[in-house]
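The lines below spell out each chain.
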Amino acid sequence: MNKILLIIKREYISRVKKKSFLIMTVLGPILFSGLFIVPIWLATRGGDEKVIQVIDESGLFAEEFVSADNMTYVYVAEDLETAKSALAVNNVFGLLYIPEMTIEAPEGVKFYSTQNPGFGLKADLEKKIRERIENIKLINSGLNQEFLDGLKSHVAIQTVNLSDSGSESESSTGAATAVGYIGAFLIYFFIFLYGAQIMRGVIEEKTNRIIEVIIASVKPFHLMMGKIIGVGGVGLTQFLLWVALSSAIVTGITAVVSSDMTPEQIEAMQQVDQLSGMPSPQQSEAQAAIENSMGALGQINIPLVLSCFVFYFLAGYLFYGALFAAIGSAVDSDADSQQFMFPVTIPLIFSVVVLSAVINDPHGSLAFWLSLVPFTSPVIMMMRIPFDVPVWQIALSMVSMIGGFIFTTWLASRIYRVGIFMHGTKVNYKTLAKWFMMKS
Amino acid sequence: MNLIDIQNISKRYGDHQALDNISFAIPDNSIFGLLGPNGAGKTTLIRIITQIIMSDQGEVLFNGVKLDPEHIRQIGYLPEERGLYKKMKVGEQLLYLAQLKGMEKREAVTKIKHWLKKLEISSWSNKAIEDLSKGMQQKIQFIATVVHEPSLIILDEPFSGFDPVNANLIKDEIFELREKGATVIFSTHRMESVEELCDDIALINHSKLVISGKKGDIKNQYRDNTFITEHIGDELRPLAGVEVLSVLKKGELVKTELKLDEGIGVNDLVTHITSQSTLVSLNEKIPSINDIFISTVNPSGHE
């Protein structure tokens, strides 16, 4: 036991002392906070100013194009050719040309621009023209404008969760999705990043030939577990440092930004916050807005999400870590590991690919079964947790996860103990099976 | 008293019989040569003694007790394929390996300092292994093998990669360790170092034990009554019971290799030679370990 601790300590310290760890620790939060800050910044800065010239030969749209936000519409009386040739010179984004036409046959509308206008703008223009034509048609059919204005309706469904005890709570699908996504992706990255580190560590010991000296002192299983736990500790440390540094950076920057924001900008930010699922403390008028998004988050069982996150984070890492250790023991170099990496990483990548299907139906049979299979459950269950998964399902999934990593650890240790002494042998799945069956 | 008793050890790897019913003893406080060609099973046997692998059959007794994990502390092993963590510093690395053997930190630090000083490499303590030459790294590996003062030290090809100066240094250390009561198992292909260092030997070939015992006894056993004589005069006349193996003339001097039959003594030979010429020298041809190795491993001269 004492020796495992020594191994864990060495694996941990030798990695934490590396320059790359320090660099990742500093760069990580910058990238991470970038993920949160860039959308906020985009939302508050409000896009580029665009000027669009309109030539309306039909005369039907005289009042339809009203400048708003950062879109400025300018009606011009020039003919098409003049306007077209002046487009680049006038620093105008585009030219909307509506020819002489009837509402029965609204054809020939063209948009000229030096750059591709993109879907958003095109759809926007089309919608404006279509609505105007529909309105004219409706008025022509005898309806008055007042009635038309009253026709527009806005519907938003409020989703409410009924608990077993009958109490109701407002659920926030958006916030749940965001929380689930973040949890699922963190677990996915963590397993990939640190699983690969385990593998490289094992290959290093093997190619260094220090392995035989170590194994003369400790059991292969102890060395393998020491490495898995040590590397896991490094990952956990780095993760905690990231969280601490990221939130410090996000808090700092949002505090500065929010002190000179207009209410619209705060609203935009609030939406972003809801998406990111990570509220930031605000001041003054921002406070109220933030409390709203906190309210949405409040419907999610935060302690449950956090404890499940820690569980699946560790269990998923242990499950895959053992497999990565086995791969490392079987090969002589990083390059040889590809053929074995593939089947191990496929279920992991698969679980990320099906995430969107899981969000669509977080309680469907696909989501249910995938959250029970240990290969996919860390990622899939993390996605489902914010959507109120029944306790028995979580318990079942956890039991299968624990059983899963005990199994992979056992499987890996049997391959590992033989593999670490094998040099220069061509290894395929048959060889692995032979090693696995070998008596100790 | 034997430190190690190997009793009927067998080990199979799939279709390959690595060791086949091997039994021999390693006396306490000796330098023991474990010999054999490549692939004979030496490394497998060493790995069984170091408890890296388990034998299929048979047992190994350590000081009369069946080998168990407690004995790991008392064994120091320098494998043939050896390495160190490249990024770690010399001092840290030695401390880690000593602690893995079960040493207390404080004791380990003292012992490491002592050894670094003894091999005149104290100034390397804070260097990373990757900055050292191969020979320097081997000194570190040697220290790692003996720092916990094991009673059994297993050295697999310890001199490979050493320059003659360092090889001698290590040789002296090996003698000194035996003086202090340690037993050394020494596995090698270099027969001249076996001749020089070993008290006892065992020779394994094709997974089987071929020879084992005291070096002197074995040499005696392989004496075949062959003598080399030098005399001045003509070639020897034939004598019943004496087979002439080779004759070499150097001017007046005739050098003859002869094999005597059971019934004929050395005195008869001397009389025979002196009756016709002047005897200059007569020596028994004692086989070297190298001769024994080659004749045992490869009796037909090809394979």
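Every value quoted in this text rests on a predicted model; they were computed, and no experiment measured them.

1. Remarks on the overall build of chain A
- On a plain count of helices and strands, chain A comes out with 17 helices and 6 strands.
- Counting across all 440 residues of chain A, residues that qualify as buried make up 45%.
- Of the contacts formed within chain A by residues at least 6 apart in sequence, a portion of 70% connects residues at least 24 apart.

2. A few points about the pairing of strand β12 (residues 242-250) of chain B
All names here are of chain B.
- Alignment of β12 against strand β13 (residues 253-260), held across 8 bridges, turns out to be antiparallel. By the bridge assignment, Val242 is partnered in β13 with Leu260.
- Counting the residues that bridge the hairpin from β12 to β13 gives 2 residues, and of these Gly251 lies at a positive phi of roughly 65 degrees.

3. A word on the interface of chain A and chain B
- In this assembly, 21 residues from chain A lie in contact with 24 residues from chain B.
- Taking both partners together, chain A and chain B bury about 2400 Å²; carbon and sulfur atoms supply 58% of that area.
- On the chain A side of the interface with chain B, the three residues burying the most area are A:Arg10, A:Arg209 and A:Glu212, jointly 25% of the side's total.
- In this assembly, chain A and chain B are joined by 3 salt bridges.
- Among the ionic pairs, B:Glu92 bridges to A:Lys17, the shortest N-O distance being 3.2 Å.
- Applying the counting criterion to the chain A and chain B interface returns 12 residue pairs in polar contact (both at pLDDT 80 or more).
- Breaking the side of chain A that touches chain B down by element, the ones donating at least two residues are α1 (2-16), α6 (173-208) and α7 (211-215) of chain A.

4. Regarding helix α15 (residues 377-384) of chain A
Residue and element names in this part refer to chain A.
- With 8 of its 8 residues buried, α15 lies for the most part within the structure.
- Three or more residues of α15 are buried, namely Ser377, Pro378, Val379, Ile380, Met381, Met382, Met383 and Arg384.
- Contacts made by the buried residues of α15 are with α6, α11 (302-330), α12 (338-353), α13 (355-360), α14 (365-370) and α16 (391-419).

5. What about the domain arrangement of chain B?
- In terms of domain boundaries, chain B breaks down into domain 1 (2-220) and domain 2 (224-285).
- Look at where the C-alpha atoms of domain 1 of chain B and domain 2 of chain B centre, and you get two points 45 Å apart.

6. Here's the deal with the UniProt feature "transmembrane region" (unreviewed entry) in chain A
Residues and elements named next belong to chain A.
- UniProt records the feature "transmembrane region" (unreviewed entry) at residues 21-42, 178-198, 210-233, 239-257, 304-328, 340-359, 366-385 and 391-412, using the numbering of this structure.
- Counted over residues 178-198, helix gives 100% and strand 0%. Its end C-alpha atoms are 30 Å apart.
- Strand forms 0% of residues 391-412 and helix 100%; the C-alpha atoms that close the span are 31 Å apart.

7. Things to note about the confidence of the model for chain B
- For chain B, per-residue confidence averages 88 on the pLDDT scale, and residues scoring 70 or more make up 98% of the total.
- Our summary of model confidence lists the complex with pTM equal to 0.75 and ipTM equal to 0.81.

8. Here's the deal with a nonpolar patch on the surface
- A cluster of nonpolar side chains, contributed by A:Ile23, A:Val26, A:Leu27, A:Ile30 and A:Leu31, occupies part of the molecular surface with about 480 Å² of accessible area.
- On the secondary structure map, A:Ile23 appears in helix α2 (residues 19-45).

9. Quick look at unusual backbone geometry
All names here are of chain B.
- Phi angles above zero are rare outside glycine, and Glu157 is one such case at about 45 degrees.
- When you line up the elements, Glu157 lands in the loop between β7 (152-156) and α5 (164-179).
- The phi dihedral of His206 is positive, around 45 degrees, even though this residue is not glycine.
- His206 sits in the exposed class, given a relative accessible area of 52%.

10. Here's the deal with the pairing of strand β2 (residues 16-27) of chain B
All names here are of chain B.
- With 8 bridges connecting them, strand β1 (residues 2-13) and β2 associate as antiparallel partners. Following the sheet pairing, Ile4 is matched in β2 by Ile26.
- Turn length for the β1-β2 hairpin, with the two strands adjacent in sequence and antiparallel, is 2 residues, and the turn residue Gly14 shows positive phi of about 60 degrees.

11. Some words on the pattern of salt bridges
All names here are of chain B.
- Taken as a whole, this structure holds 29 salt bridges over all chains when the rule is applied.
- Note that Lys87 is salt-bridged to Glu130, the shortest N-O span being 3.6 Å. With Lys87 in the loop between β6 (75-78) and α2 (90-100) and Glu130 in the loop between α3 (105-118) and α4 (134-146), this pair connects stretches of sequence that are 43 residues apart.
- You can call Lys87 exposed: its relative accessible area is 59%.

12. Describing the packing of aromatic side chains
- Applying the stated criterion across every chain yields a total of 26 aromatic pairs over all chains.
- Judged by centre distance (5.2 Å) and plane angle (85 degrees), the ring pair of A:Trp410 and A:Phe436 falls under edge-to-face. Placement of the pair is A:Trp410 in helix α16 and A:Phe436 in helix α17 (residues 429-437), with a sequence separation of 26 residues.
- Look at A:Phe436 and you get buried, because its relative accessible area is 18%.
- An aromatic cluster of at least three residues, connected via ring pairs, comprises A:Phe190, A:Tyr194, A:Phe239, A:Phe309, A:Phe313 and A:Tyr317.
- One Lys or Arg, A:Arg10, reaches over the ring of B:Tyr85 and ends 3.5 Å from the middle of that ring.

13. Quick notes on the confidence of the model for chain A
- Taken residue by residue, chain A gives an average pLDDT of 81. The fraction at 70 or more is 85%.
- Predicted confidence for residues 276-285 of chain A stays below pLDDT 50, and this span has 28 contacts to residues more than four positions away or in other chains.

14. A few points about the packing of α11(A) against α16(A)
Residue and element names in this part refer to chain A.
- Viewed as axis vectors pointing N to C, α11 and α16 meet at an angle of 20 degrees, and their least axial separation amounts to 7 Å. By the criterion of interaxial angle, the relationship of α11 to α16 is roughly parallel. α11 and α16 meet at a crossing whose hand is left-handed.
- Among the residues forming the contact of α11 with α16, the class breakdown is 20 nonpolar, 7 polar and no charged.

Cut-offs used in this document
- Residues numbered from 1 in each chain as written.
- Chains lettered and ligands numbered in written order.
- Predicted model: local features only at pLDDT ≥ 70, side-chain atom pairs only at ≥ 80, totals over all residues.
- Heavy atoms only, no water.
- Helix = DSSP H or I, 4+ residues; strand = E, 2+ residues; numbered from the N terminus.
- Buried < 20%, exposed > 50% of the residue type's maximum accessible area, 1.4 Å probe, protein only.
- Contact = heavy atoms within 4.5 Å.
- Pairing = 2+ DSSP bridges.
- Buried area = accessible area lost by both parts, 1.4 Å probe.
- Salt bridge = Lys/Arg side-chain N within 4 Å of Asp/Glu carboxyl O.
- Polar contact = N/O pair within 3.5 Å; in protein donor to acceptor, adjacent residues only side chain to side chain.
- Domains from an automatic or database assignment.
- UniProt positions renumbered as here; feature names shortened; annotations may be inferred.
- pLDDT = per-residue confidence, 0-100.
- Patch = residues over 30% accessible without salt bridge, like charges linked within 9 Å, V, L, I, M, F, W, Y side chains within 5 Å.
- Areas by Shrake-Rupley, 256 points an atom, 1.4 Å probe, with all protein chains shown as cover.
- Phe/Tyr/Trp six-rings, centres within 6.5 Å; stacked < 30°, edge-to-face > 60°.
- Lys NZ or Arg CZ within 6 Å of the ring centre and 35° of its normal.
- Axes fitted to C-alpha atoms, helices over the stretch in contact; angles between N-to-C directions.
- Parallel < 35°, antiparallel > 145°, perpendicular 65-115°, else oblique.
- Left-handed = near helix turned anticlockwise from the far one by under 90°.
- Nonpolar A, V, L, I, M, F, W, Y, C, P; charged D, E, K, R; others polar.

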